[in-house]
Amino acid sequence: MVLHTVELLKKEIPLEEESICIPQDLTTGLVLVDIINGFCTIGAGNLAPREPNNQILEMINESEKLSRLFCDHKWPVLAFLDTHQPGKLEHPYPSHCLAGSEESNLVPALEWLEKEPNVTIRRKDCYDGYIGSIREDGSNAFADWVKTNNIQLLLVAGICTDICVLDFVCSTLSARNRGLLAPLQEVVVYSRGCATFDFPAAAAADTKDALAHPQEIMHHMGLYMAKGRGAKVAKNVSFGALKK
Ligand SMILES: [Zn+2]
């Protein structure tokens, strides 16, 4: 039944995913959105999966592969880590990813990133990484990272496709269009490197005030909305002759 709905949806709002070869002369940055225990590791908290989930596992796998490639070449990587102060809830979500908890740390497969010199870690306390990058003095850690590294193309992976990934991509495209992110030209969402959570309608019906969130449908919607805002959506990403 759910599969049937997904297929109908994909017919009504079809999404063409590209295979992208990134030219070697384009400076590319990788943004990893919230690939942390609190959203990816079974039983790690209120918003963590309760059972093994293939979409999330593939997202971690693909993000790890990309991260290895970027780190091998010392290309810039920025990892957002959703992190909240105790007692300061993020409406409408239940308490999650508190500062100092394992929930707010990278998943085991990506922990090694913390020691890589080309990786910037940015803890954020809201779903939109662009807004979450605003420092107390009004400057923006993400915008500075783009400028310092001269990033022309941004590759985005992470979780959730339709929440933190989408919001970050929309804000970034909006800021780029306003001329705030030069020299950034292109934002590419890597679809196999993205995932969202699964909360089917039947489960939501039993939970007060809960919104249904069927994984396949919401993942598709997230990618579709990102593309609608001007991002490219790629299911395969390769690089031209690799930089030295
Ligand atoms: Zn959060």
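This one's a predicted model, so the numbers in the text were calculated from it and none came from an experiment. (Residues numbered from 1 in each chain as written. Predicted model: local features only at pLDDT ≥ 70, side-chain atom pairs only at ≥ 80, totals over all residues.)

(A) The overall build of the protein chain, seen in detail. A tally of helices and strands in the protein chain yields seven helices and seven strands. Taken from N to C terminus, the helices and strands of the protein chain fall in the order α-β-β-α-α-β-β-α-β-α-β-α-α-β. The C-alpha atoms of the protein chain give a radius of gyration of 17 Å, which matches the 18 Å a tight globule of 244 residues would have. By principal-axis analysis of the C-alpha atoms, the protein chain measures approximately 55 × 45 × 35 Å. In the protein chain, which comprises 244 residues, the proportion classed as buried is 39%. Pairs at least 24 residues apart make up 76% of the contacts formed inside the protein chain by residues separated by at least 6 positions. (Helix = DSSP H or I, 4+ residues; strand = E, 2+ residues; numbered from the N terminus. Rg over C-alpha atoms; globule rule 2.2 N^0.38 Å. Buried ≥ 20, exposed ≤ 12 C-beta atoms within 10 Å, placed from the backbone. Contact = placed C-beta atoms within 7 Å.)

(B) Quick peek at the sheet that holds strand 2 (residues 28–33). Judged by pairing direction, the sheet is parallel, and its seven strands sit side by side in the order 1-7-6-5-2-3-4 without closing on themselves. One side of each edge strand has no neighbouring strand; the edge strands of this open sheet are strand 1 (18–22) and strand 4 (119–124). Each strand of the sheet is rotated relative to its neighbour by a mean of 35°, with strand direction disregarded. Of the strand pairs in this sheet, strand 1 and strand 7 (residues 232–239) are connected by five bridges, and their pairing is parallel. Looking at the pairing, Ile20 lines up with Val237 of strand 7. Sheet strands in contact with helix 3 (residues 54–72) are strand 2, strand 3 (77–82), strand 5 (153–159) and strand 6 (186–195), and its direction is about 130° off that of strand 6. (Pairing = 2+ DSSP bridges. Axes fitted to C-alpha atoms, helices over the stretch in contact; angles between N-to-C directions.)

(C) A look at the nonpolar core. Of all hydrophobic cores here, the largest spans 57 residues; its most connected members are Val156, Ile159, Val165, Val169 and Val189. Ranked by residue count, the leading element in this core is helix 5 (residues 161–177), at seven residues. Those residues within four positions of Val165 in sequence are excluded, and the remaining contacts are Val33, Val156, Gly158, Ile159, Cys160, Val189, Cys194 and Gly222. (Core = buried A, V, L, I, M, F, W, Y, C linked by C-beta atoms within 7 Å.)

(D) Inspection of the environment of Asn150 at higher detail. In this fold, Asn150 is placed in the loop between helix 4 (141–148) and strand 5. Asn150 sits 26 residues away from Arg176 along the chain, and the two C-alpha atoms are 13 Å apart. Among all residues touching Asn150, those that are not within four sequence positions of it are Thr27 and Pro183.

(E) Representation of the packing of helix 5 against helix 7 (residues 215–228) within the structure. Put simply, helix 5 and helix 7 touch, their axes get as near as 9 Å, and they point 10° apart. Taken together, the axes of helix 5 and helix 7 lie roughly parallel to each other. Residues Thr161, Asp162, Val165, Leu166 and Val169 of helix 5 form the contact with helix 7, whose participating residues are Met218, His219, Met221, Gly222, Leu223, Met225 and Ala226. Partitioned by chemical class, the residues of the contact of helix 5 with helix 7 number eight nonpolar, three polar and one charged. (Parallel < 35°, antiparallel > 145°, perpendicular 65-115°, else oblique. Nonpolar A, V, L, I, M, F, W, Y, C, P; charged D, E, K, R; others polar.)

(F) A look at the UniProt feature "domain: Isochorismatase-like" (unreviewed entry) in the protein chain. As annotated by UniProt and renumbered to match this structure, "domain: Isochorismatase-like" (unreviewed entry) occupies residues 29–201. With 28% helix and 20% strand, residues 29–201 has its two end C-alpha atoms placed 37 Å apart. (UniProt positions renumbered as here; feature names shortened; annotations may be inferred.)

(G) The arrangement of the environment of Ala212 in detail. Within the secondary structure, Ala212 sits in the loop between helix 6 (201–205) and helix 7. Along the chain, Ala212 and Ala201 lie eleven residues apart, while their C-alpha atoms are 4.6 Å from each other.

(H) Structural detail: helix 3. Its 19 residues give helix 3 an end-to-end C-alpha distance of 27 Å, which sits within 8% of 27 Å, the value for a rise of 1.5 Å per residue. For helix 3, the complete set of buried residues consists of Ile56, Met59, Ile60, Ser63, Leu66, Ser67 and Phe70. The arc that holds the buried residues of helix 3, viewed along the axis, is 140°, so those residues lie on one side. Facing away from the buried surface of helix 3 by more than 90 degrees, the exposed residues are Asn54 and Asp72. (Expected span 1.5 Å × (residues − 1). Arc of directions from axis to C-beta.)

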